[in-house]
Amino acid sequence: MQLINSATHYGAITRFLHWSVFLLIIYQYIGANLMTRIGSGKTLFWLTQGSYYNGHKSIGLVILALALLRLVWRKLTPLPDWAPTLTPAERTISHWNETLLYGCLIVMPVSGYLFVMAGDYGIKLFGWRDLPNLIGKQEGLAGLARVIHIVVGYGMVVVMAWHVGLGLKHQIFDRDRLLHRMLPFVRR
């Protein structure tokens, strides 16, 4: 498999960044649901609520770093040509969908960071090191960041569903093997 993108397929680096972010986002949604549903002092799968919160905050920062790396990689590496089976409307929708996804990948961790820092909750990076709070306690900012984090989280579900749905439509109904351009471990 090529490391960089070709005219017809995404390269190994693009695929790695894509699927790493996807899996971490799935983890984040599951973790967020678990951490908000177990009580303080309770454990679930041998982890406390605090462990889930710390993991969620740490992984959020990893997603932000990967999203920024994806943007840089995208600017440095040409994308494959549009798949010939995409209609002009699907190309337009895909472009806007991708723009929204990148926006969500940045707004989600930034709003989460602002929420926990302005709320004076802090971040213990992977349970190892406390990150300095450069913002200080600001209840108004914390509240606004929390609302943005939640609203964008729900919006991201819709945008991701559209992204996945279009790929599955082409794979299952159009049978044009569109997903093979991005699926890991698929040979051309």
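Placed above this text is the structure.
Residues numbered from 1 in each chain as written. Predicted model: local features only at pLDDT ≥ 70, side-chain atom pairs only at ≥ 80, totals over all residues. Heavy atoms only, no water.

*Asks:* Before we go on, may I ask you to explain the overall build of the protein chain in this structure?
*Replies:* Scanning the protein chain from N- to C-terminus turns up four helices and four strands. Secondary structure elements in the protein chain, listed N-terminal to C-terminal, are α-β-β-α-α-β-β-α. Taken over 188 residues, the protein chain has a buried fraction of 36%. Expressed as a percentage of contacts within the protein chain between residues at least 6 apart in sequence, the contacts between residues at least 24 apart total 66%. For the protein chain, the accessible area works out to roughly 11700 Å², and carbon and sulfur atoms hold 70% of it. For the protein chain, the separation between the mean place of its 18 positive charges and that of its 8 negative charges on side chains is 6 Å. (Helix = DSSP H or I, 4+ residues; strand = E, 2+ residues; numbered from the N terminus. Buried < 20%, exposed > 50% of the residue type's maximum accessible area, 1.4 Å probe, protein only. Contact = heavy atoms within 4.5 Å. Areas by Shrake-Rupley, 256 points an atom, 1.4 Å probe, with all protein chains shown as cover. Lys, Arg positive; Asp, Glu negative; His and termini not counted. Charge placed at Lys NZ, Arg CZ, Asp CG, Glu CD.)

*Asks:* I would appreciate a short explanation of the side chain of Ser-94 in the present structure.
*Replies:* Mapped onto the elements of the fold, Ser-94 is located in helix α3 (residues 88-118). Residue class for Ser-94 comes out buried when judged on its relative accessible area of 18%. In this structure Ser-94 touches Trp-82 and Leu-166, once residues within four positions along its chain are discounted.

*Asks:* Looking at this model, I keep getting lost on the packing of α3 against helix α4 (residues 139-173). Mind explaining?
*Replies:* The description of two helices packed together rests on the angle between their axes and the distance between the axes. Taken N-terminus to C-terminus, the directions of α3 and α4 make an angle of 150°; their axes are 7 Å apart at the nearest point. Classified by the angle their axes make, α3 and α4 are roughly antiparallel. Between α3 and α4 the crossing geometry is left-handed. Its residues assigned to classes, the contact of α3 with α4 comprises 20 nonpolar, eight polar and four charged. (Axes fitted to C-alpha atoms, helices over the stretch in contact; angles between N-to-C directions. Parallel < 35°, antiparallel > 145°, perpendicular 65-115°, else oblique. Left-handed = near helix turned anticlockwise from the far one by under 90°. Nonpolar A, V, L, I, M, F, W, Y, C, P; charged D, E, K, R; others polar.)

*Asks:* What should I look at first to understand α3 in this one?
*Replies:* Think of an α-helix as 3.6 residues a turn; residues three or four steps apart then line up on the same face. The first and last C-alpha atoms of α3 sit 44 Å apart over 31 residues, in line with the 45 Å expected at 1.5 Å per residue. With its phi angle positive at about 65°, Asp-120 sits one or two positions after the end of α3. (Expected span 1.5 Å × (residues − 1).)

So far we have only geometry, and geometry alone does not tell us how the molecule works.
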